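Structural overview
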Amino acid sequence: MSPRLLLVEDADDIRAIACLSLERIGDWTVVPAASGQAALEALAGDVPFDAVVLDVMMPGLDGPDTLARMREGALAPQVPVVFLTAKVGADERERLLSLGAIGVIAKPFDPLTLPEELRRILGR
Amino acid sequence: MAAILPAQSDLVRAPGGAPGPAGLKRPEFARPPDADAARTRNAAVALGAFVLLYLSWQLTGWIPGSKENVGDLLILPIDAVAVYAAWSASRRCIGSSRLRSFWRLMAFALAAETIGDLVQAVYDIGLHHSPYPSLADPFYLAFYPLLLLALLTVTTRTKLLKPTLDGATIVVGGGAVVWYLVLGPTVEQNHNPLTMGVSMAFPLGDLFLLAGLAAMLLRPGPIAFRAPLKLITVAVLLGIGADVLYGYGQLHGTYRAGDWIDTLYVLEFAAFALAGFSQRLVRHGDPDAEGDDTAQSRSRASWLPYLSLAIGLGVLLGVEWGTRFFPTVSLVLIVIVLAVLVAARQYVAQRELVQAQAALRESERMKDEFLSTVGHELRTPLTSIRGSLGLLEAGVLGELPEDATNMVSVAVLNADRLVRLIGDILDIERMAAGGLLLEPVAVDATELVGQSLQVLRASADAAGVRLREDVAPIRVMADADRIVQVLVNLLGNAVKFSPPGGVVTVTVERKNRCAIFSVWDTGRGIPADRLEKIFERFRQVDASDAREKGGTGLGLPIARGIVERHGGRVWAESRVGVGSTFRFTLPVAVADLEPVRGGVA
């Protein structure tokens, strides 16, 4: 059984590309979510996730907000979260890690190396 | 149909010369392009010769006859030539109603003066009796309103405050002089009303001409009027000066016909004549016919108010202070008015400058913002395109037929080019806007060079270029990503411009507190005069490089921007045919500075 990944990204194209990359090149079972709200609903479901990839800039509930709700609502408190962001400065990286994420992936990412990068961050 | 068949005989005739084959060819197009210059040159020679003749007579009196009579007669030919010149100029300006009216009015004004001179000659020579005022004076006086109307016709009316202030300064400055020398004394002398009226009409006319001249010079006018404008200015100023001296002489009973002051009138009319001949042909639809010569008029006339101020004050202060014609109070008032006018003008000019600078900064900012927005808007879809193509090319979605793989490769290659170009444009704009943030930390030079060579390895292999490194173990203060970007840029160029079998070498050495990074190639080299220019935006040594080598022309300016923001310097050395070396410096990390002084850490 391949590990389950929740991919939260509002841009349809990017979500589709990341899904393909992670499923075909990596060995993930990817559950896509188009918003923070959708992500929270998916996390509240019965089947647990092994990791969450969370876009930072989203309309409505953004990445950090979604993470905060996850932790508050005790939704999957142990699941490692990796942020996806177009801002790549060291300050921003520090800030995101301090929110409780275990890693940050820069956008635009290369779909050919994305699974490898995620694997490295998760230490699998 | 005059508009369609304009003044053909005039178009092919030299200034005073033989008629050409009018109407046989199409004269407008038969005319050589430098006909205007040739006509002006011929006229200048002829008029100069006449002026010399006149001057030689003034100095030696070699022409027999009384000074009055010869003087009266000698002024007539130059009068007639000036009238002819203005009239022919009006016929050359078929494409501009404004210029045509100007030259017609000029011709009428000059004709009025000519008739005045003719009547005066009849009095002096024929009747041996010169009354004042005489029948010549109505003609002389008609000259002023006609000329003033001409001066006001030729330029465009504007509501600009600066020209108005300048004009006011000139008129007050000049008016003070005219009042002091001529008008005031005339009023004082209390002749009979007719004499006084006529005597005052001349200097008043001059004052109006001065205002008209200021209006003409300070307002924008047709570009086709550039050459005559200067000569008209000289002529009007000569005329005003001559009139003031003439009025002064008349007042004190020292002026006589044929006086040396007449030389100024001769020069005035020679200048009017030359102005007429220098008017270039203006055809229908000529873009310069009505175009506003704004920049010209502003810059060329900015000294005029100061000149008039200097002349006015010089004359007023140079002569006796507080004479009966010019009480001290009015003198002080004039000076105050002039000072206020000049101060106001300075203020307006300064404000215009500040506004122009603000507008420029704003448009720069909007351009940067626009480029940045467009860049980001382009990058988002392009990222998706590149990502999808990458997955296709890698066969992640299944093996593609060979033709399809080739096509996808072409698409990938070009998507990468676009990504690089957009990235470069965004970098350049970020630097221009001062928004490129760096995070320098102590890093190993070997690490930086290693990463960069890694990136370039594939393309160097493809080009058959060997990569070598000789890097001293130095730690530098650098934003690693950005310095790798610089090195990749320089190495990429070196590989691109190296022939197959060439060698590209990276060296890092230490010099005092700096690390010097050098990228050596064995390419064709760069001419010495281009070594600096290539670091400017959008420059390449050869324009065709952009197409052939696929560069954006932005790599080196970006490299310079990044290095300079690290406190370093970037430059190029080259020998054509041997190769080029691109070097940049970075500060050595502070911790590494100690061992140098202390020997062993």
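The preceding data block contains the structure.
What comes next is a walk through the structure. The shown structure was predicted, so the numbers you read here are calculated from the model rather than taken from an experiment. (Residues numbered from 1 in each chain as written. Chains lettered and ligands numbered in written order. Predicted model: local features only at pLDDT ≥ 70, side-chain atom pairs only at ≥ 80, totals over all residues. Heavy atoms only, no water.)

Scanning chain B from N- to C-terminus turns up 19 helices and seven strands. Within chain B, buried positions represent 46% of all 601 residues. The long-range share in chain B, meaning contacts at least 24 apart out of those at least 6 apart in sequence, stands at 76%. For chain B, the exposed surface amounts to about 29,900 Å²; the carbon and sulfur share of it is 63%. (Helix = DSSP H or I, 4+ residues; strand = E, 2+ residues; numbered from the N terminus. Buried < 20%, exposed > 50% of the residue type's maximum accessible area, 1.4 Å probe, protein only. Contact = heavy atoms within 4.5 Å. Areas by Shrake-Rupley, 256 points an atom, 1.4 Å probe, with all protein chains shown as cover.)

Moving on: the packing of aromatic side chains. Using the criterion set out here, one finds 12 aromatic pairs over all chains in the structure. Through a chain of ring-to-ring contacts, three or more aromatic side chains come together here, namely Phe 143, Tyr 144, Phe 202, Phe 269 and Phe 272 of chain B. The ring of Phe 49 of chain A carries Arg 4 of chain A above its face, with NZ or CZ at 4.4 Å from the centroid. For Arg 569 of chain B, the ring lying beneath its charged end belongs to Trp 571 of chain B, and the centroid distance is 4.2 Å. (Phe/Tyr/Trp six-rings, centres within 6.5 Å; stacked < 30°, edge-to-face > 60°. Lys NZ or Arg CZ within 6 Å of the ring centre and 35° of its normal.)

Moving on, we come to the pattern of salt bridges. Residue and element names in this part refer to chain A. Applying the stated criterion across every chain, the model contains 13 salt bridges over all chains. The salt bridge partner of Glu 92 is Arg 95, with a shortest N-O separation of 3.3 Å. In this pair, Glu 92 and Arg 95 are both assigned in helix α4 (residues 90-98), three residues apart and thus about one turn of the helix distant. For Glu 92, a relative accessible area of 16% puts it in the buried group. (Salt bridge = Lys/Arg side-chain N within 4 Å of Asp/Glu carboxyl O.)

On to the sheet that holds strand β4 (residues 503-511) of chain B, then. Residue and element names in this part refer to chain B. As summarised here, the arrangement of the five strands in space is β2-β4-β5-β7-β6, forming an open sheet in which the pairing is mixed. Both edges of this open sheet fall to β2 (466-471) and β6 (570-575), since each of them pairs with a single strand only. In this sheet, adjacent strand axes meet at a mean angle of 15° when their direction is disregarded. Pairing of β2 with β4 involves six bridges; the strand directions are parallel. Paired with Asp 470 across the bridge in β4 is Thr 507. Across the sheet, helix α15 (residues 445-463) touches β2, β4 and β5 (514-520), and the angle it forms with β2 is around 175°. (Pairing = 2+ DSSP bridges. Axes fitted to C-alpha atoms, helices over the stretch in contact; angles between N-to-C directions.)

All names here are of chain B. Most of strand β7 (residues 579-587) sits out of view: eight of its nine residues are buried. With seven bridges joining them, β5 and β7 adopt antiparallel strand pairing. Across the sheet, Ala 515 pairs through a bridge with Leu 586, a residue of β7. Alignment of β6 against β7, held across six bridges, turns out to be antiparallel. Looking across to β7, one finds that Ala 572 is bridged to Phe 582. Hairpin connection from β6 to β7: three residues lie between these consecutive antiparallel strands, with Gly 577 at a positive phi of about 90°.

Right, let's get into the layout of surface pockets. All names here are of chain B. Here the second largest pocket is characterised by a volume of approximately 580 Å³. The dominant element in the lining of the second largest pocket, judged by the number of residues it contributes, is helix α4 (residues 67-92), at five residues. Grouping the constituent residues of the lining of the second largest pocket by class yields 12 nonpolar, five polar and 10 charged. (1 Å grid on protein atoms, 1.4 Å probe; cavity = no way out; pocket = protein on both sides within 12 Å on 5 of 7 lines; lining within 4 Å. Points joined across faces, edges and corners; volume = space filled by probe spheres on them. Nonpolar A, V, L, I, M, F, W, Y, C, P; charged D, E, K, R; others polar.)

Turning our eyes to something else, we now look at the environment of Ser 88 of chain B. All names here are of chain B. Relative to the elements of secondary structure, Ser 88 occurs in helix α4. Assessed through its relative accessible area of 3%, Ser 88 is described here as buried. For the pair formed by Ser 88 and Trp 103, sequence separation is 15 residues and the distance between their alpha carbons is 8.4 Å.

Further remarks concern the interface of chain A and chain B. In many reports, interface size means the accessible area that the parts give up when they come together. Counting residues at the interface gives 13 residues for chain A, matched by 10 residues for chain B. Summed over both partners, the interface of chain A with chain B comes to about 950 Å²; 76% of that surface belongs to carbon and sulfur atoms. The largest per-residue losses of area from chain A upon contact with chain B belong to Ile 17, Arg 24 and Leu 112 of chain A, which jointly make up 39% of the total buried on that side. Across the contact surface, chain A and chain B share zero salt bridges. Connecting chain A to chain B are one residue pair in polar contact (both at pLDDT 80 or more). (Buried area = accessible area lost by both parts, 1.4 Å probe. Polar contact = N/O pair within 3.5 Å; in protein donor to acceptor, adjacent residues only side chain to side chain.)

The next point concerns the sheet that holds strand β1 (residues 4-8) of chain A. All names here are of chain A. Ordered in space as β2-β1-β3-β4-β5, the five strands form an open sheet in which the pairing is parallel. At either margin of the open sheet sits one strand with a lone partner, and together these are β2 (29-33) and β5 (103-106). In this sheet, neighbouring strand axes are inclined to one another by 20° on average, regardless of whether the strands run parallel or antiparallel. With four bridges joining them, β1 and strand β3 (residues 51-55) adopt parallel strand pairing. What sits directly across from Val 8, in β3, is Leu 54. Of the strands in this sheet, β1, β2 and β3 touch helix α2 (residues 36-43), which is tilted by about 160° from β1. Of the strands in this sheet, β3 and β4 (81-85) are in contact with helix α3 (residues 63-72), which crosses β4 at around 165°.

Right, let's get into helix α10 (residues 261-278) of chain B. The first and last C-alpha atoms of α10 of chain B sit 26 Å apart over 18 residues, in line with the 26 Å expected at 1.5 Å per residue. Where burial is concerned, most of α10 of chain B is hidden: 17 out of the 18 residues are buried. (Expected span 1.5 Å × (residues − 1).)

Another point: a nonpolar patch on the surface. Residues and elements named next belong to chain B. Together, Val 332, Leu 333, Ile 336 and Val 340 give the surface a local cluster of nonpolar side chains, amounting to about 340 Å² of exposed area. Mapped onto the elements of the fold, Val 340 is located in helix α13 (residues 328-393). What makes Val 340 exposed here is its relative accessible area of 51%. (Patch = residues over 30% accessible without salt bridge, like charges linked within 9 Å, V, L, I, M, F, W, Y side chains within 5 Å.)

Purely spatial values, then, with no claim about function.
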